[in-house]
Protein chains: 2
Amino acid sequence: TRWWTPEVRDAVRLKKESYQTMLACGTPDAVYRYRQAKQACSPDGPGGKNSGPGRSSIDEEVAKLLELKAQLGGEDGKHQFVLKTAKGTRDYNPKQMAIREKVFSTIVSCFKRHGAETIDTPVFELKETLTGKYGEDSKLIYDLKDQGGELLSLRYDLTVPFARYLAMNKITNIKRYHIAKVYRRDNPAMTRGRYREFYQCDFDIAGQYDAMIPDAECLKIVHEILSELDLGDFRIKVNDRRILDGMFAVCGVPDDKFRTICSTVDKLDKMPWEDVKKEMVNEKGLSEEAAEQIGEYVSMQGGMDLAERLLQDPKMSQSKQACAGLSDIKLLFSYLQLFQVTEKVVFDLSLARGLDYYTGVIYEGVLTQAGVAQVSTDTQNGTPTEENVSVGSVAGGGRYDGLVGMFDPKGRKVPCVGVSIGIERIFSIMEQKAEASAEKVRTTEVQVMVASAQKNLLEERLKLVTELWNAGIKAEVMYKKNPKLLSQLQHCEESGIPLVAILGEQELKDGVVKLRIVATREEVDISRAGLISEIRRRTTS
Amino acid sequence: TRWWTPEVRDAVRLKKESYQTMLACGTPDAVYRYRQAKQACSPDGPGGKNSGPGRSSIDEEVAKLLELKAQLGGEDGKHQFVLKTAKGTRDYNPKQMAIREKVFSTIVSCFKRHGAETIDTPVFELKETLTGKYGEDSKLIYDLKDQGGELLSLRYDLTVPFARYLAMNKITNIKRYHIAKVYRRDNPAMTRGRYREFYQCDFDIAGQYDAMIPDAECLKIVHEILSELDLGDFRIKVNDRRILDGMFAVCGVPDDKFRTICSTVDKLDKMPWEDVKKEMVNEKGLSEEAAEQIGEYVSMQGGMDLAERLLQDPKMSQSKQACAGLSDIKLLFSYLQLFQVTEKVVFDLSLARGLDYYTGVIYEGVLTQAGVAQVSTDTQNGTPTEENVSVGSVAGGGRYDGLVGMFDPKGRKVPCVGVSIGIERIFSIMEQKAEASAEKVRTTEVQVMVASAQKNLLEERLKLVTELWNAGIKAEVMYKKNPKLLSQLQHCEESGIPLVAILGEQELKDGVVKLRIVATREEVDISRAGLISEIRRRTTS
């Protein structure tokens with residue numbers, strides 16, 4: 001039961017043996033003979049580079065031995081082991097899992113309501129599958145060690161594996177969801193729900209369809225999910241990569257700076273405009289004038305009317321790209337009206353998602369301050385703090401018509417649009433809500449505990465619980481020969497088990513079971529034959 | 001949209017530039033001057049080791065350039081990209097996912113019926129968390145690349161992370177399940193369901209309880225799951241690490257050879273006894289006599305009676321360890337009788353699971369030949385083949401009382417027993433069953449398709465599908481302005497959608513929807529107000 005690695009254990013055994021030999025023989029000569037004997041059996045043969053040690057090498061050996069002993073943690077032989085999960089990752093305990101499953105179930109129901117299938121892909125991909133897809137973020141990809149064979153990386157999102165899957169299987173039409181963990185070597189901010197291992201819940205529609213219909217359905221889905229999860233008020237920001245690119249062009253941003261200026265604009269939700277502008281001008285070498293013009297546009301927010309106005313804008317309308325994007329925004333809003341979701345959707349020219357692969361409409365679902373603050377209290381002093389009221393982006397996505405083509409040997413395009421639900425922030429909020437709520441989160445679904453008040457009834461308890469299990473009842477029994485009734489009842493209170501089936505000599509004689517309702521402490525005798533239907537009757541809600 | 005890595009792109013650009021310079025200037029001298037100019041700006045400075053090239057180095061450059069061009073796939077600029085998943089891994093398509101979810105749901109229902117909570121742990125652990133837990137299998141662990149920071153490895157199973165979780169959170173009692181992927185750099189045999197990335201479904205009971213009660217429940221769970229999945233006949237083999245160790249001792253195996261002889265015995269389900277014996281004697285240096293004695297024991301199979309007989313065995317009874325194990329096997333069988341599962345359980349002295357951490361009872365669920373062969377047909381010629389009728393271990397587990405203590409700074413033990421369902425082989429079998437079956441696997445749950453027979457009804461379709469979604473009905477609409485009715489109906493046939501809600505000018509005028517039952521082609525007009533309840537009535541099974 002002691003803790004050490006096999007390497008250390010082997011080294012210590014060897015050192016110990018040689019040490020004991022030294023002690024037993026007492027002389028360097030004996031050590032010399034011991035070594036000679038050992039080397040005679042070793043692949044190096046006798047007379048290798050280590051033969052013929054002097055007194056100093058014994059001292060050396062002893063020093064190493066003492067060092068190893070110290071590493072083992074002294075007399076008690078305990079290794080000083082760091083007991084933790086990897087940086088930026090966490091375990092989910094049963095309570096967190098119960099919340100997680102509730103959230104997943106809401107999201108999956110929505111995806112299924114919209115007719116999605118589901119797929120799964122491996123957690124790692126060939127490294128080259130991920131290369132060139134994420135722009136500046138590529139440095140955050142986790143690589144696997146080269147252990148011979150292929151070079152592999154952990155997936156960074158679910159979108160690139162999805163595109164690889166479509167190209168590999170020559171699929172041109174699919175509506176699928178995929179819920180799985182992705183990996184980013186980012187700076188973790190765990191209190192705000194930013195982890196290095198985190199879930200994404202993606203819904204994507206691939207296929208050549210009429211403009212903006214699938215795009216609008218993605219926004220409808222974000223609207224449904226954020227409403228059903230009841231996270232407080234939210235907004236869905238919409239923009240289009242073509243509008244951004246057109247805007248950069250008409251503002252005089254050089255072509256080769258579009259992407260880098262775009263990722264600076266992307267910081268507008270975290271940084272004030274002045275700082276964003278400084279970064280553009282001082283770090284990225286943009287002219288003051290161009291930055292000013294961008295500044296005017298990115299402050300604009302609105303709906304279909306704004307798109308209409310910008311189509312008339314003398315400068316913006318010079319860009320064909322921008323006009324195509326603006327027309328599509330108009331069309332998108334017309335569908336969103338039919339879907340009854342426009343009241344939450346904002347056309348926002350400052351929205352500029354970082355990923356390289358977007359080609360058309362982009363969007364982001366954000367919880368608005370009030371909604372989050374309502375459920376966020378610092379666990380230390382009960383007041384909302386900057387840390388946990390920060391407004392979060394909880395969904396994002398867009399159109400990426402070029403990604404699948406990057407994987408196809410003939411470059412055949414499959415237009416795609418999708419959305420990813422940023423589930424970790426949602427978990428954080430739901431957990432805080434659960435903490436604040438009086439209602440206890442159950443982590444099991446056990447309907448009945450099979451208990452006994454007297455000794456020597458283990459066999460009878462096991463027989464009864466078998467009957468219940470075989471009938472599909474969720475049931476537990478304590479793994480003790482003679483548990484105390486009190487501890488059996490306590491377990492029910494703690495786990496929220498609603499019923500206890502109590503056996504005693506008298507009940508066995510009478511062919512009944514005493515059914516105790518935990519909440520009311522009421523007890524009723526039920527005939528053995530009627531027990532299962534009685535439990536079902538009392539536990540189906 | 002072209003495919004190449006940034007590295008290749010950069011290299012090519014550089015080569016192109018230098019090639020163009022060469023071509024433009026036409027002389028080695030010009031190249032020399034170009035290089036000098038370049039080096040003057042480089043960190044190496046002028047006169048570095050590459051200065052002053054001759055004609056040969058130009059040829060060299062040109063050759064490299066041509067090679068790079070070839071790598072890019074010739075004139076069309078396409079990179080010859082290998083479109084595949086990593087070795088030993090696979091994607092799951094929607095049909096496979098539908099089967100997978102059905103299997104998971106059966107397994108999870110069973111775990112929940114037995115009152116288990118669930119937890120989750122990260123996909124990677126600190127490397128040292130995994131060290132020294134898997135014996136000879138440690139070489140199969142995937143390591144992550146050292147990108148600065150902690151050394152990490154992908155989890156090899158769910159048991160070691162579970163033990164780490166218990167020690168880290170000082171949990172002494174829990175009954176939990178965990179379903180997640182694990183990673184082993186093993187030789188894949190994908191047709192037999194052996195992958196490098198695969199699911200494990202683990203159920204474990206941690207806590208200090210009376211002997212064999214939780215152990216028996218684990219076997220009951222294996223019995224329930226294998227019965228419910230309906231995979232054909234099966235057996236559950238049982239043995240005990242202490243019986244194996246005691247047997248090795250009384251047969252004259254030296255202490256330090258227990259583990260290695262144990263892993264040779266573990267091969268008995270894949271190799272005939274003669275080969276196992278050869279490995280023991282020739283490779284592991286065991287005496288012929290000891291091997292013979294082991295051979296006699298490991299051929300023994302039985303029930304409680306065999307345990308009783310071995311307790312009387314003059315040789316075996318000399319080992320205290322073996323006697324403790326044999327008494328526990330007897331006790332285990334007595335509980336299994338109460339659980340009504342003994343007819344499938346065999347006490348088998350040849351069962352020797354490989355993992356280092358087992359300390360007591362061990363078990364394995366195997367499908368027996370007949371059951372598997374029944375559903376296994378070679379996809380090429382329709383006959384059962386050696387490859388896919390191979391009898392599989394589909395569940396395994398045992399008691400590991402020392403593992404948690406290895407993580408606890410004070411070595412505090414938490415006794416544990418658990419079982420892992422080997423889900424990949426089960427998937428393979430279920431997939432083959434689904435192939436063979438006439439019943440179509442549905443990959444979505446869509447209840448109704450909103451369709452139109454006439455043009456210009458996109459808006460009306462979107463309005464209606466919104467009504468349905470908002471009422472919780474699973475519904476689809478085609479993403480075309482004017483889809484053909486036939487293609488809408490075809491989609492329903494292919495996806496198994498049972499109902500079509502058809503809109504036309506007349507229906508809109510009359511305030512009705514034409515509801516078509518796909519299976520019977522029957523069509524009925526339903527008032528718009530009554531549509532939702534009619535769909536619910538017709539699709540709740």
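What you see is a predicted model, and the numbers here were worked out from it, not measured in a lab.

Rules of the game
- Residues numbered from 1 in each chain as written.
- Chains lettered and ligands numbered in written order.
- Predicted model: local features only at pLDDT ≥ 70, side-chain atom pairs only at ≥ 80, totals over all residues.
- Heavy atoms only, no water.
- Helix = DSSP H or I, 4+ residues; strand = E, 2+ residues; numbered from the N terminus.
- Buried < 20%, exposed > 50% of the residue type's maximum accessible area, 1.4 Å probe, protein only.
- Contact = heavy atoms within 4.5 Å.
- Areas by Shrake-Rupley, 256 points an atom, 1.4 Å probe, with all protein chains shown as cover.
- pLDDT = per-residue confidence, 0-100.
- Arc of directions from axis to C-beta.
- Buried area = accessible area lost by both parts, 1.4 Å probe.
- Salt bridge = Lys/Arg side-chain N within 4 Å of Asp/Glu carboxyl O.
- Polar contact = N/O pair within 3.5 Å; in protein donor to acceptor, adjacent residues only side chain to side chain.
- Nonpolar A, V, L, I, M, F, W, Y, C, P; charged D, E, K, R; others polar.
- Pairing = 2+ DSSP bridges.
- Axes fitted to C-alpha atoms, helices over the stretch in contact; angles between N-to-C directions.
- Least-squares fit on C-alpha atoms with pLDDT ≥ 70 in both.
- Parallel < 35°, antiparallel > 145°, perpendicular 65-115°, else oblique.
- Left-handed = near helix turned anticlockwise from the far one by under 90°.

## Let's talk about the overall build of chain A
Consideration 1: Assigned secondary structure in chain A consists of 21 helices and 16 strands.
Consideration 2: Going through the 541 residues of chain A one by one, you find that 54% of them count as buried.
Consideration 3: Within chain A, contacts between residues separated by at least 24 positions form 68% of all contacts whose residues are at least 6 apart in sequence.
Consideration 4: Total accessible area computed for chain A in this model is approximately 23,900 Å², and 49% of it derives from carbon and sulfur atoms.

## Focus: the confidence of the model for chain A
Residue and element names in this part refer to chain A.
Consideration 1: This prediction gives chain A a mean pLDDT of 85; 80% of its residues lie at or above 70.
Consideration 2: Low confidence marks residues 370–390, where pLDDT is under 50. Its contacts with residues over four positions away, or in another chain, come to 31 contacts.
Consideration 3: The ipTM, which scores confidence in the relative placement of chains, is 0.81 for this predicted complex, and the corresponding pTM is 0.82.

## Here's the deal with helix 12 (residues 304–312) of chain B
Since the α-helix packs 3.6 residues into each turn, any two residues three or four apart lie on the same face.
Residues and elements named next belong to chain B.
Consideration 1: Here helix 12 has its buried residues at L306, A307, L310 and L311. Down the axis of helix 12, the smallest arc covering the buried residues is 140 degrees, so these residues share one side. Summarising the geometry of helix 12, the exposed residues directed more than 90 degrees from the buried face are R309 and Q312.
Consideration 2: Looking at the buried positions of helix 12, the neighbouring elements they touch are helix 11 (288–298), strand 7 (301–302), helix 13 (320–338) and strand 8 (345–348).

## Some points on the interface of chain A and chain B
Consideration 1: Facing the 106 residues of chain A at the interface are 106 residues of chain B.
Consideration 2: Across the interface of chain A and chain B, roughly 9,400 Å² is buried in total on both sides, 60% from carbon and sulfur atoms.
Consideration 3: Summed over the three residues of chain A that lose the most area to chain B, namely L83(A), W469(A) and Y479(A), the buried surface amounts to 9% of that side.
Consideration 4: Linking chain A to chain B there are 14 salt bridges.
Consideration 5: Summed over the shared surface of chain A and chain B, the result is 50 residue pairs in polar contact (both at pLDDT 80 or more).
Consideration 6: In terms of residue class, the side of chain A that touches chain B is built from 45 nonpolar, 25 polar and 36 charged.

## Observations concerning the sheet that holds strand 9 (residues 361–367) of chain B
Residue and element names in this part refer to chain B.
Consideration 1: Across the sheet, nine strands lie side by side as 1-4-5-11-10-9-6-8-7; this open sheet has mixed pairing. Two strands in the sheet have a free side with no partner beyond their single neighbour: strand 1 (117–118) and strand 7.
Consideration 2: Two strands pair when backbone bridges link them, and strand 9 and strand 10 (residues 393–399) are joined in this way by five bridges, in the antiparallel orientation. Residue pairing in the sheet places V366 in a bridge with S393 of strand 10.
Consideration 3: Along the sheet face, helix 13 touches strand 6 (234–240), strand 7, strand 8 and strand 9 and points at about 175 degrees away from the line of strand 8.

## Side note on the relation of the copies chain A and chain B
Consideration 1: When chain A is brought onto chain B, the operation consists of a screw motion whose angular component is 180 degrees and whose axial shift is 0.0 Å, with 0.0 Å RMSD remaining. Here the copies are linked by what is in effect a two-fold axis.
Consideration 2: When you check the interface residues of chain A against chain B, 100% turn up at the interface there too, and the contact is symmetric in its surfaces.

## A short note on the sheet that holds strand 11 (residues 416–422) of chain A
Residues and elements named next belong to chain A.
Consideration 1: Read across the sheet, nine strands follow the order 1-4-5-11-10-9-6-8-7 without closing on themselves; strand pairing throughout is mixed. A single partner strand is all that each edge strand has here, and the edge strands are strand 1 (117–118) and strand 7 (301–302).
Consideration 2: Looking at chain direction, strand 10 (residues 393–399) and strand 11 are connected through five bridges and run antiparallel. When the bridges of strand 11 are listed, A395 appears paired with I421.
Consideration 3: Packing against the sheet, helix 6 (residues 159–168) makes contact with strand 4 (174–183), strand 5 (197–206) and strand 11, and its axis sits at approximately 45 degrees to strand 5.

## Focus on the packing of helix 18 (residues 458–470) of chain A against helix 21 (residues 531–539) of chain A
All names here are of chain A.
Consideration 1: Running from amino to carboxyl end, helix 18 crosses helix 21 at an angle of 60 degrees, the nearest separation of the two axes being 10 Å. Judged by the angle between their axes, helix 18 and helix 21 are oblique. For the element pair helix 18 and helix 21, the recorded crossing hand is right-handed. Residues L464, E467 and L468 of helix 18 form the contact with helix 21, whose own contacting residues are L531, I532 and I535.
Consideration 2: For the contact of helix 18 with helix 21, a count of residues per class yields five nonpolar, no polar and one charged.

## What to know about unusual backbone geometry
Residue and element names in this part refer to chain B.
Consideration 1: For M212, which is not glycine, the phi torsion reads 75 degrees and is therefore positive.
Consideration 2: With respect to the secondary-structure elements, M212 resides in the loop between strand 5 (197–206) and helix 7 (213–228).
Consideration 3: Of note in the backbone geometry, R521 takes a positive phi value of approximately 65 degrees without being a glycine.
Consideration 4: One can find R521 in the loop between strand 15 (512–517) and strand 16 (522–527).
Consideration 5: Its relative accessible area of 57% is what places R521 among the exposed residues.

## With respect to the pattern of salt bridges
Consideration 1: All told, the structure shown has 78 salt bridges over all chains when counted by the stated rule.
Consideration 2: Here D525(A) makes a salt bridge to K514(A), at a shortest N to O gap of 3.2 Å. Residue D525(A) is located in strand 16 (residues 522–527), and its partner K514(A) is located in strand 15 (residues 512–517); the two are separated by eleven residues in the primary sequence.
Consideration 3: The class for D525(A) is partly exposed, based on a relative accessible area of 46%.
Consideration 4: Accessibility expressed as a relative area gives 22% for K514(A), which makes it partly exposed.
Consideration 5: Notably, a salt bridge pairs R242(B) with D328(B), separated by 2.9 Å at the nearest N-O pair. Placement of R242(B) in helix 8 (residues 241–250) and of D328(B) in helix 13 is noted, with a sequence separation of 86 residues between them. Summarising the burial analysis for this pair, R242(B) and D328(B) share the class buried.
Consideration 6: Beyond isolated ion pairs, a larger network of salt bridges with shared partners links R100(A), K181(A), E197(A) and D120(B).

## Quick look at the pairing of strand 6 of chain B
Residues and elements named next belong to chain B.
Consideration 1: Burial runs high along strand 6: six of the seven residues are buried.
Consideration 2: Across seven bridges, the pairing between strand 6 and strand 9 is antiparallel. Within strand 9, the residue paired with I236 across the bridge is G365.
Consideration 3: Of the pairings in the sheet, the one linking strand 6 to strand 8 comprises three bridges and is parallel in character. Bridge assignment links V238 to a residue of strand 8, and that residue is F347.

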